[in-house]
Amino acid sequence: MNGNTYEIGVIGGDGTGPEVIRESVKVLKAAAARFGFKLNFTDYDLNGTRYLRTGETLPEGALEELKRHKALLLGAIGHPGVKPGILEKGILLRLRFELDMYINLRPVKLYPGVQCPLKDKGPEDIDFVVIRENTEGLYAGAGGFLKKGTKDEVAIQESINTRKGVERCVRYAFDYTARRNKANKLTLSGKTNVLTYAFDLWERVFYEVAKDYPGIKPDYAHVDATTMWFVKNPEWFDVIVTDNMFGDIITDLGAMIQGGMGIAAGGNINPEGTSMFEPIGGSAPKYTGQNIINPLAAICAGAMMLEYLGETEAGQTIEKAVMEVTAKHIKNLAAGHMGMGTVEVGDLVADLTATI
Ligand code: IPM
Ligand code: MN
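Reference entry: report on the structure contained in this document. (Residues numbered from 1 in each chain as written. Chains lettered and ligands numbered in written order. Predicted model: local features only at pLDDT ≥ 70, side-chain atom pairs only at ≥ 80, totals over all residues. Heavy atoms only, no water.)

Contact geometry of helix α1 (residues 17–35) with helix α10 (residues 312–328) gives a least axis separation of 10 Å together with a crossing angle of 130°. Classified by the interaxial angle, the pair formed by α1 and α10 is oblique. The handedness of the crossing between α1 and α10 is right-handed. Residue-level contacts link Val 27, Leu 28, Ala 31, Arg 34 and Phe 35 of α1 to Glu 313, Ala 314, Thr 317 and Ile 318 of α10. Class assignment for the residues of the contact of α1 with α10 results in 6 nonpolar, 1 polar and 2 charged. (Axes fitted to C-alpha atoms, helices over the stretch in contact; angles between N-to-C directions. Helix = DSSP H or I, 4+ residues; strand = E, 2+ residues; numbered from the N terminus. Parallel < 35°, antiparallel > 145°, perpendicular 65-115°, else oblique. Left-handed = near helix turned anticlockwise from the far one by under 90°. Contact = heavy atoms within 4.5 Å. Nonpolar A, V, L, I, M, F, W, Y, C, P; charged D, E, K, R; others polar.)

Around ligand 1 lies a shell formed by Glu 88, Leu 92, Arg 96, Arg 106, Arg 132, Tyr 139 and Asp 248. Here an oxygen atom of ligand 1 sits 2.8 Å away from a polar atom, N or O, in the side chain of Arg 106. Between ligand 1 and Asp 248 there is a distance of 2.8 Å, counted from an oxygen atom to a side-chain nitrogen or oxygen. For ligand 1, whose unbound accessible area comes to 320 Å², protein coverage reaches 75%. Counting residues per element, the shell around ligand 1 draws most heavily on helix α4 (residues 86–98), at 3 residues. (Near = heavy atom within 4 Å. Polar contact = N/O pair within 3.5 Å; in protein donor to acceptor, adjacent residues only side chain to side chain. Areas by Shrake-Rupley, 256 points an atom, 1.4 Å probe, with all protein chains shown as cover.)

What follows concerns the sheet that holds strand β8 (residues 185–190). A sheet is described by the order of its strands in space; here 10 strands give the open sequence β2-β1-β3-β12-β11-β4-β5-β10-β8-β9, paired in mixed fashion. With partners counted over all chains shown, the strands left at the sheet margins are β2 (38–43) and β9 (217–222), one partner each. The average angle at which neighbouring strand axes cross in this sheet is 25°, direction not considered. Pairing between strand β5 (residues 127–133) and strand β10 (residues 239–242): 4 bridges, direction parallel. Along β10, the bridge assignment pairs Arg 132 with Thr 242. (Pairing = 2+ DSSP bridges.)

With that settled, consider helix α6 (residues 198–210). Spanning 13 residues, α6 covers 18 Å between terminal C-alpha atoms, matching the ideal 18 Å at 1.5 Å per step. Ala 198, Phe 199, Leu 201, Trp 202, Val 205, Phe 206, Val 209 and Ala 210 are the residues of α6 that are buried. Projection of α6 onto a plane perpendicular to its axis shows the buried side chains occupying an angular sector of 155°, all on one side. On its buried side, α6 packs onto β5, α5 (163–180), β8, β9, β10 and α8 (244–257). (Expected span 1.5 Å × (residues − 1). Buried < 20%, exposed > 50% of the residue type's maximum accessible area, 1.4 Å probe, protein only. Arc of directions from axis to C-beta.)

Three or more residues of helix α7 (residues 223–232) are buried, namely Val 223, Ala 225, Thr 226 and Phe 230. Burial along α7 is one-sided: seen end-on, the buried residues are contained in an arc of 150°. Against the buried residues of α7 lie β5, β8, β9, β10 and α8.

Along the chain, the position of Gln 157 falls in strand β7 (residues 154–160). Setting aside residues up to four positions removed in sequence, Gln 157 forms contacts with Leu 138, Gly 141, Ala 142 and Gly 143.

For the rest of this paragraph, the subject is the packing of helix α9 (residues 296–309) against α10. Contact pair α9 / α10: the axes reach a minimum separation of 7 Å and the direction vectors enclose 160°. The orientation of α9 relative to α10 falls into the category roughly antiparallel. Considering only the axes of α9 and α10, their crossing is left-handed. The residues of α10 that touch α9, namely those facing Leu 296, Ile 299, Cys 300, Ala 303, Leu 306 and Glu 307, are Thr 312, Ala 314, Gly 315, Gln 316, Ile 318, Val 322 and Thr 326. In the contact of α9 with α10, the residues fall into 8 nonpolar, 4 polar and 1 charged.

This is the structure:
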């Protein structure tokens, strides 16, 4: 019994989001019972269905209310009846920006028993972490149109990179690499040969901050080469730090080499405020309500949340339970091919979390 209590906001979201989050909450409750802390879950109805009914993405006061939680658990945002961009910008990106979750932490780890599309690569080769800047770059929304709709139209989308934003991300990445203490290597993934303003700043900040971490080997790779090495030599990576757009792209490739969207989880982290944990995959509308979607990514997001809360042993126990399931129980990570249902996977991980 450590007696700690944490307030957790739960946003099931759209499609299969609520189904996978239900299993994640089930497993989190099993971990809390075993390790003697308390999680108070509060549900928030923020999703495409609500938007279609009310016209609002985040209602008045929602941000203030969500901010009062130490952590949020998000299922998925995306509704086939809503034009792409509205919910992503209005809910997901808005939460990342307004709650200043400036780190997007995405571990890429191949668990035992998981099919990897890379030939001759196993769990000992694929175990690295991508730290994606989460509030700036091309995602900042700077730009505009000139002469829209005419044949002289101009569209501008600017990448915003602030000294403060880059430095806090790079510093977090060095700290994280030191804490992880695996290969003690941090790779900046950029494009210094073409993006000679943005990545000039990133590179200068990176090597400047590196001086404060003599135990960490600073390393650099262009982002295009990074994708090549994800496939050819993933074992070269320990921790990677990169900007928002590159981080978005390379972590989808990362998710594929760790076994797909069924397992990939991430954390949107504000080290000084509220953080939000989510499976990386989308709302998968076609699988909704059929008990066939894989909840492991949402369960892993829950495990990451516990580690962030400082309940390290509990988080690691969930991860161990997940590894037991991938190694011995689940047939395949793809929706509909698991050899068991969404709820049964959740039950199994919860049981193992209580006993393993
Ligand atoms: C992700 C997603 C989002 C992003 C979309 C849904 C806005 O792809 O979390 O990686 O681009 O960041
Ligand atoms: Mn993405």
